[in-house]
2 protein chains.
Amino acid sequence: MSHVNTASTMSEHLVSPSTGTLQPLGIDQVRITGGFWGERQQLNATTIIEHCEKWVEKMGWVGNFDAAIAGRLPGARTGRQFADSDVYKLIEAMAWEIGRTGDLAMDERLRALVDRIAPVQEADGYLNTNFGRRGQVGRYEDLPHGHELYCYGHLLQAAVARGRTTGDDLLVQIARRAADHLCEVFGDGGIESVCGHPEIEVGLVEFARYTNEPKYLQQAKLFIDRRGHGVLGDLELGRSYFQDDIPIRKSRAFAGHAVRATYLAAGAVDVAVETDDEELLHSVIDQLAHTVAARTYLTGGMGSRHEGEAFGGDFELPSDRAYAETCAGVGSIMLNYRLLLATGEPRYADLIERTLFNVIATAPGDDGQSFYYTNTLHQREPGEIAPTDEASMRAASSLRAPWYEVSCCPTNVARTLASLGSYFATATAEGIQLHQYAPGTVTTELDGGAVGISVATEYPNNGEVTIEVTDTIDEPWDIALRVPAWAKEGATVNVNGTIRNAGPGTVTLRETFAVGDTVQLSLPVEAHWVEPDPRIDSLRGQLAVERGPLVMCLESVDLQSGDVNAATVDRGSLTDDSGRVTVSIGSIGDVSDEWPYLDPAVMGAPTGPTTEMAPTTLTPYHAWANRGPSTMRVWMPTG
Amino acid sequence: MSHVNTASTMSEHLVSPSTGTLQPLGIDQVRITGGFWGERQQLNATTIIEHCEKWVEKMGWVGNFDAAIAGRLPGARTGRQFADSDVYKLIEAMAWEIGRTGDLAMDERLRALVDRIAPVQEADGYLNTNFGRRGQVGRYEDLPHGHELYCYGHLLQAAVARGRTTGDDLLVQIARRAADHLCEVFGDGGIESVCGHPEIEVGLVEFARYTNEPKYLQQAKLFIDRRGHGVLGDLELGRSYFQDDIPIRKSRAFAGHAVRATYLAAGAVDVAVETDDEELLHSVIDQLAHTVAARTYLTGGMGSRHEGEAFGGDFELPSDRAYAETCAGVGSIMLNYRLLLATGEPRYADLIERTLFNVIATAPGDDGQSFYYTNTLHQREPGEIAPTDEASMRAASSLRAPWYEVSCCPTNVARTLASLGSYFATATAEGIQLHQYAPGTVTTELDGGAVGISVATEYPNNGEVTIEVTDTIDEPWDIALRVPAWAKEGATVNVNGTIRNAGPGTVTLRETFAVGDTVQLSLPVEAHWVEPDPRIDSLRGQLAVERGPLVMCLESVDLQSGDVNAATVDRGSLTDDSGRVTVSIGSIGDVSDEWPYLDPAVMGAPTGPTTEMAPTTLTPYHAWANRGPSTMRVWMPTG
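This structure is a prediction, so every number in the text was calculated from the model and none was measured. (Residues numbered from 1 in each chain as written. Chains lettered and ligands numbered in written order. Predicted model: local features only at pLDDT ≥ 70, side-chain atom pairs only at ≥ 80, totals over all residues. Heavy atoms only, no water.)

## Quick word on the overall build of chain A
Moving on, step 1. Within chain A one finds 15 helices and 24 strands.
Moving on, step 2. A compact globule built from 639 residues would reach a C-alpha radius of gyration of about 26 Å, and chain A, at 25 Å, matches this within 12%.
Moving on, step 3. Summarising its shape, the C-alpha atoms of chain A cover approximately 75 × 70 × 45 Å along the three principal directions.
Moving on, step 4. Expressed as a percentage of the 639 residues in chain A, the buried residues total 66%.
Moving on, step 5. Across chain A, every contact between residues at least 6 apart in sequence was considered, and the portion connecting residues at least 24 apart equals 68%.
Moving on, step 6. Summing over all exposed atoms, chain A offers an accessible surface of approximately 20500 Å²; the carbon and sulfur share of this is 47%. (Helix = DSSP H or I, 4+ residues; strand = E, 2+ residues; numbered from the N terminus. Rg over C-alpha atoms; globule rule 2.2 N^0.38 Å. Buried < 20%, exposed > 50% of the residue type's maximum accessible area, 1.4 Å probe, protein only. Contact = heavy atoms within 4.5 Å. Areas by Shrake-Rupley, 256 points an atom, 1.4 Å probe, with all protein chains shown as cover.)

As structure tokens, then:
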């Protein structure tokens, strides 16, 4: 009933399901060499990862491990209960980065980090700096909020990254002992519960795939099946906060804490795929479809409520209170990638693209040393500049902060950027599927031998993507290209001079390609209006602009009046001059500063903008707030 | 510099400022004898107060005092840190109620409660069941969150109620010792801080007025002046949560926790009035004006955020996440009443009316045994029925709950209803001002002797208010009537047969009235549309209906489709047949269940409702959710 694909355990795959429509490619097989994402991988390599290393030291979160050895816990411990996990996520980022670039200095630093963690592991495999010592809460006594298994999950993901890129070293050994311990304690007949924060599920399944050890998969399945039966107890936010109100098989849509929900769903897909559990797989597929239709922001951001960092109800999508946590974006990409592999459906790659360009790319500032935790779609007040030398207390900041007291997001961005290539292309026995567009190369082995392509593009600045065959075989094979859902009209594919129109979905070109053959995909990236579903109350009478995969926004620094809150837009005014997107912006007419709800029969509402409409440049959403304090909105009222 | 009005200390005044445009009348001087509010006072007398008595016992919150005496604290303590305060608020409600009705059985029960509290007071006057004992947090060691001074504030208000209605008994003695202790500890040179939750300020000023002891006023002034300088430390929600970010004199609008903000503002008005501090008074006046224009719901509800139970930014007023806590409604009424007395401006009585009919009247269910804590304007899902025999964990419930783990609201409603008369009328040397309309009587003493009126009305069912002079003097005196701001057109006043039109504001009739003279006020209560300020993004393209002071709502139990979330309203369809208000409701047209943001040039938006428009009855907002689980919305999309 359960598969583990031993063939893939030693390639540099982010995930490696044993079955599925598409096969993953490792970060060694998909290389990004420049452009929008290449720049960000470079920023990650030169700045973001080191920034995270500096801060986990500065905050004492690595020091917690030293303190454990020195017997200085609990007194010397710093950070929240889940601080260990950020060290593990950082190590995962470093491991992928070392795999990607062979950075030897970073490899030294990774080993040094692992050397400080290793001695903290107890004889039975238990590993956590926050529990179990005299003066600390006992092991597994606070499963709802303790995050012990969540920390293991990140340890296991880090170990998989290390194992697949470098080999079976000390980190993998630590992870194996932790995973064995976990199966011992939480297996059948053990503690019949789950962790308040899902993550162990994806960690265990991938570790099972990596080690070819089915008991880890079985343990993940136990966690999936136990959850949703009220095993964690109630809390003010309701059991849906940690998805313990309804078994995931029975849920209708994602609810509760958005990071937890997306991580859990990703783990459920992993379990479903490895155990041939079609019911579970299709339940998650349906829930995601519902969530995308009714609980997702234009940016791909998930989570409408600050309270509980949670999904809202259907069509509860307020721009100004969008939480859209960066980590929920990571969770959504984890999930959509797994479903893309399982089903091959391009809609998952569409959402990955949207989330990459408008959540993941938004989180780090241009400096690579500041990050958004939440990603609002409407900033009403310019707010305060985050301190540069201390961690921000507040998840929701109007400007990016260098670090947070709860700082899950920076290391999550780092590991995502370091492993980005895997999301961009996949393979089948028939050929290569290109899902995301960036300059680079893709190679894979078909039955007939190695094939390869190189990609040249300035996407998303323009929509031209040129693919050249660099390695081929003597029989037909596929180059499949995703045409994004937003490219409703005007996409074309040119294969060696033959042009044809292409609608949204997958265009598969099957040819006996020769080296040097080119395929030119042209996507209509010109700016266009977007209108919201009329069931979204908070967006009624407002329009947004997208340009290719980029959501655009109106930022106060570009606005004459300086006030985005009273802005109105002329829907006849959109221009796009090679990426310089402008619209005409006015200001809502004179309204009283008294009671704001009036009988229209007695007191007429304002009829239009009183200021001149002025052409105003829109900024890509991901680039906002790089020019000092500002206000911003994605959705603009039409009158 | 500071006044205390000794003349008023023994009348049954809710508050008794020494100066001001209008003088308060006691609950002995304004009697409500029936109608909308008489029924609710009756429900309070027969059911709500006893319900609260039962629950503070059941929850162990009175038992905490017994446990203190028996030396069973902290082990035996139940409830949150502020549980003592609910016992005090209940006692305040009982004290006013005993004053109003002379209920001897209730008087017995009040004395019994006070007898259980008295022995807990320590030798130096300190009184709290949650702090200072071995195993408890030390006295005043958690000022940001401990609520010790907040509890004193409610104790002082209860003592004032008791003192003014019954006399200087044990409760007043307890309060005096606590107040003296407080001045000792927190006076100049003492602990230079404040309580995280304002309330002590209103308590101290009123106790100063009652006792004619200026040091209590001085202490309140110290608390007002100290606050806003970061004395409480930072927290994730930001210092604005407890109004410690900006001194109240410098604030521009209410921000942070809405109950704290309104209680603090009420205390600031009290201090300003008693110390001739015009700057402070006008600062609060300006802040309230801004808050009413930009941060208040149609219902009068305040607080747009569940996170931190807080005010949002300007025009951040989402219906579906309206927190609009019942206690913030109480706080708003406390504040508006003080400003009404200080300035005489009818806009404060307007907001009191709106808040009474749409927040205070909404909180208790028809049974008087269930209460809303939050008062949303759009309930998206029918949700769960609250348990009847245990306290709800969740402040935001879709149906009223009998009690809450944090149960500030039921006792706050009880004390407000018991003392309601004082809000309805005031006096000056010139005569009587009637601010709210209910059947009943108002009496006062002018220089020339006693004057009195009786009021007959079915308001708000209809707009006819008949005032008859029941006691008079041989010289001209005023009967002043408020014409509500919503009565833009059509209000008339008929004095002994002479009819004249009246616009919103105050209509003052100055006559040498004879006993039996009548004044007939006719208010145009017929239902009318209300349109929102166009700066409120979440309400764009939506209309609401008001009928007189009542906000109306669409409840799913009245709706054929059952789905308020997709409802649209025909703005030509409003009818009002003697209070049966109907509108035509359809349903938003077919929309895809896929990605909800589309290019209108490619995919047309739905153009109108697909179902037949059907006449549908609207329900007064205060009456919703008395017919089982339902969904509800106040604002209805027009297409």
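## A closer look at the sheet that holds strand β4 (residues 425-428) of chain A
Sheets are built from strands paired through backbone hydrogen bonds, the pairs being either parallel or antiparallel.
Residues and elements named next belong to chain A.
Moving on, step 1. Across the sheet, which stays open at both edges, the 5 strands sit in the order β1-β4-β5-β9-β12 with mixed pairing between neighbours. Of all the strands in the sheet, the pair left with one neighbour each is β1 (23-24) and β12 (505-511).
Moving on, step 2. Contacts from helix α13 (residues 346-360) reach β9 (477-483) and β12, with the element oriented near 55° to β9. (Pairing = 2+ DSSP bridges. Axes fitted to C-alpha atoms, helices over the stretch in contact; angles between N-to-C directions.)

## Section: the packing of aromatic side chains
Residues and elements named next belong to chain A.
Moving on, step 1. Tallied over the entire structure, the rule returns 46 aromatic pairs over all chains.
Moving on, step 2. Ring geometry for Y437 against Y459: centres 5.8 Å apart, planes inclined by 85°, an arrangement best described as edge-to-face. In this pair, Y437 is assigned in the loop between β5 (431-434) and β6 (440-446) and Y459 in the loop between β7 (449-457) and β8 (464-471), connecting sequence segments 22 residues apart.
Moving on, step 3. By the ring-pair criterion, three or more aromatic residues cluster together here, those being F36, W37, F357, Y437 and Y459.
Moving on, step 4. When the ring centre of W55 is taken as reference, the NZ or CZ atom of K58 above it lies at 5.0 Å. (Phe/Tyr/Trp six-rings, centres within 6.5 Å; stacked < 30°, edge-to-face > 60°. Lys NZ or Arg CZ within 6 Å of the ring centre and 35° of its normal.)

## A few points about the sheet that holds strand β9 (residues 477-483) of chain B
All names here are of chain B.
Moving on, step 1. Strand order in the open sheet formed by 5 strands is β1-β4-β5-β9-β12, and the pairing between neighbours is mixed. Looking at the sheet topology across the chains shown, the edges are occupied by β1 (23-24) and β12 (505-511).
Moving on, step 2. Across 4 bridges, the pairing between strand β5 (residues 431-434) and β9 is parallel. Note on β9: the bridge partner recorded for Q433 is A480.
Moving on, step 3. Those strands touched by helix α13 (residues 346-360) are β9 and β12, and its axis lies near 55° from that of β9.

## A few points about the environment of K250 of chain B
Moving on, step 1. Within the secondary structure, K250 of chain B sits in the loop between α9 (214-226) and α10 (258-274).
Moving on, step 2. Separated by 139 residues in the primary sequence, K250 of chain B and R111 of chain B have C-alpha atoms spaced 44 Å apart.

## Overview of the state of the cysteines
Moving on, step 1. Counted according to the given criterion, the structure contains 0 disulfides over all chains.
Moving on, step 2. For C327 of chain A, which is in no disulfide, the shortest distance to another cysteine sulfur is to C409 of chain A and amounts to 3.4 Å.
Moving on, step 3. For C327 of chain A, a relative accessible area of 1% translates into the label buried.
Moving on, step 4. Summary of cysteine pairing: C151 of chain B is not part of a disulfide, and the nearest cysteine sulfur, belonging to C195 of chain B, is at 7.9 Å.
Moving on, step 5. Given the relative accessible area of 1%, C151 of chain B is considered buried. (Disulfide = S-S within 2.5 Å.)

## A few points about the pairing of strand β18 (residues 580-587) of chain B
Residues and elements named next belong to chain B.
Moving on, step 1. Across the 8 residues of β18, 7 count as buried, placing the element largely inside the fold.
Moving on, step 2. Pairing of strand β17 (residues 567-577) with β18 involves 7 bridges; the strand directions are antiparallel. Each bridged residue has a counterpart across the sheet, and for T575 the counterpart in β18 is T582.
Moving on, step 3. Hairpin connection between β17 and β18: a loop of 2 residues separates the two successive antiparallel strands, and S578 in this loop has a positive phi of roughly 50°.

## Brief notes about the pattern of salt bridges
Moving on, step 1. Using the criterion set out here, one finds 96 salt bridges over all chains in the structure.
Moving on, step 2. Where R305 of chain A meets E316 of chain A, a salt bridge forms, and the shortest distance between an N and an O atom there is 2.7 Å. You can see R305 of chain A sitting in the loop between α11 (278-294) and α12 (326-343) and its partner E316 of chain A sitting in the loop between α11 and α12, a full 11 residues away along the chain.
Moving on, step 3. With relative accessibility at 24%, the residue R305 of chain A sits in the partly exposed group.
Moving on, step 4. R209 of chain B is paired through a salt bridge with E206 of chain B; the nearest N and O atoms lie 2.7 Å apart. Taken together, the residues R209 of chain B and E206 of chain B, both in helix α8 (residues 200-211) and 3 residues apart, mark about one turn of the helix.
Moving on, step 5. Salt bridges linked by common partners bring R164, E206, R209, D270, E274 and R338 of chain A together as one network. (Salt bridge = Lys/Arg side-chain N within 4 Å of Asp/Glu carboxyl O.)

## Quick word on the relation of the copies chain A and chain B
Moving on, step 1. With an RMSD of 0.0 Å, chain A superimposes on chain B once it is rotated by 180° and translated 0.0 Å along the axis. Each copy turns onto its partner about a two-fold axis. By C-alpha distance to the rotation axis, the residue of chain A lying nearest is S538 of chain A, at 2.0 Å.
Moving on, step 2. Of the residues that chain A buries at the interface, 100% are likewise interface residues in chain B, meaning the two copies contact each other through the same surface. (Least-squares fit on C-alpha atoms with pLDDT ≥ 70 in both.)

## Here's the deal with the environment of A487 of chain B
Residue and element names in this part refer to chain B.
Moving on, step 1. Positionally, A487 belongs in the loop between β9 and β10 (492-495).
Moving on, step 2. A487 gets classed as buried once you look at its relative accessible area, which sits at 0%.
Moving on, step 3. Sequence separation between A487 and W529 is 42 residues; the distance between their C-alpha atoms is 13 Å.

## Points about helix α9 (residues 214-226) of chain A
Residues and elements named next belong to chain A.
Moving on, step 1. Over its 13 residues, α9 runs 18 Å from end to end, which matches the ideal 18 Å to within 8%, given 1.5 Å per residue.
Moving on, step 2. Summarising the contacts, the buried residues of α9 are in contact with α6 (148-165), α7 (170-186), α8 (200-211), α10 (258-274) and α11.
Moving on, step 3. N-capping of α9 is provided by E213, with a side-chain oxygen placed 3.0 Å from the backbone N of K215.
Moving on, step 4. Looking one or two residues past α9, G228 carries a phi angle of roughly 95°, positive in sign. (Expected span 1.5 Å × (residues − 1). Polar contact = N/O pair within 3.5 Å; in protein donor to acceptor, adjacent residues only side chain to side chain.)

## Quick look at α6 of chain A
Residue and element names in this part refer to chain A.
Moving on, step 1. Over its 18 residues, α6 extends 26 Å from the first C-alpha to the last, a length consistent with the 26 Å expected when each residue adds 1.5 Å.
Moving on, step 2. The element α6 is largely enclosed, with a buried count of 18 among its 18 residues.
Moving on, step 3. Directly after α6, the chain includes G167, whose backbone phi takes a positive value near 130°.

## Re the interface of chain A and chain B
Moving on, step 1. Contact residues are listed per partner, giving 66 residues for chain A and 66 residues for chain B.
Moving on, step 2. For the chain A and chain B pair, buried surface summed over both sides reaches about 5500 Å², with 54% attributable to carbon and sulfur atoms.
Moving on, step 3. Among the residues chain A hides against chain B, the three largest losses belong to R540, W595 and Y597 of chain A. Together they make up 14% of the total.
Moving on, step 4. Applying the counting rule to chain A against chain B returns 14 salt bridges.
Moving on, step 5. Between R295 of chain B and E381 of chain A there is a salt bridge, with its nearest N and O atoms 3.9 Å apart.
Moving on, step 6. Between chain A and chain B we count 22 residue pairs in polar contact (both at pLDDT 80 or more) in total.
Moving on, step 7. Of all the elements in the fold, those that place two or more residues in the side of chain A that touches chain B are α11, α13, β14 (528-532) and β20 (597-598) of chain A.
Moving on, step 8. The element that contributes the greatest number of residues to the side of chain A that touches chain B is β14 of chain A, accounting for 5 residues.
Moving on, step 9. Looking at side-chain class alone, the side of chain A that touches chain B contains 30 nonpolar, 11 polar and 25 charged residues.
Moving on, step 10. Here 2 bridges tie β14 of chain A to strand β19 (residues 597-598) of chain B, and the two strands are oriented antiparallel to one another. (Buried area = accessible area lost by both parts, 1.4 Å probe. Nonpolar A, V, L, I, M, F, W, Y, C, P; charged D, E, K, R; others polar.)

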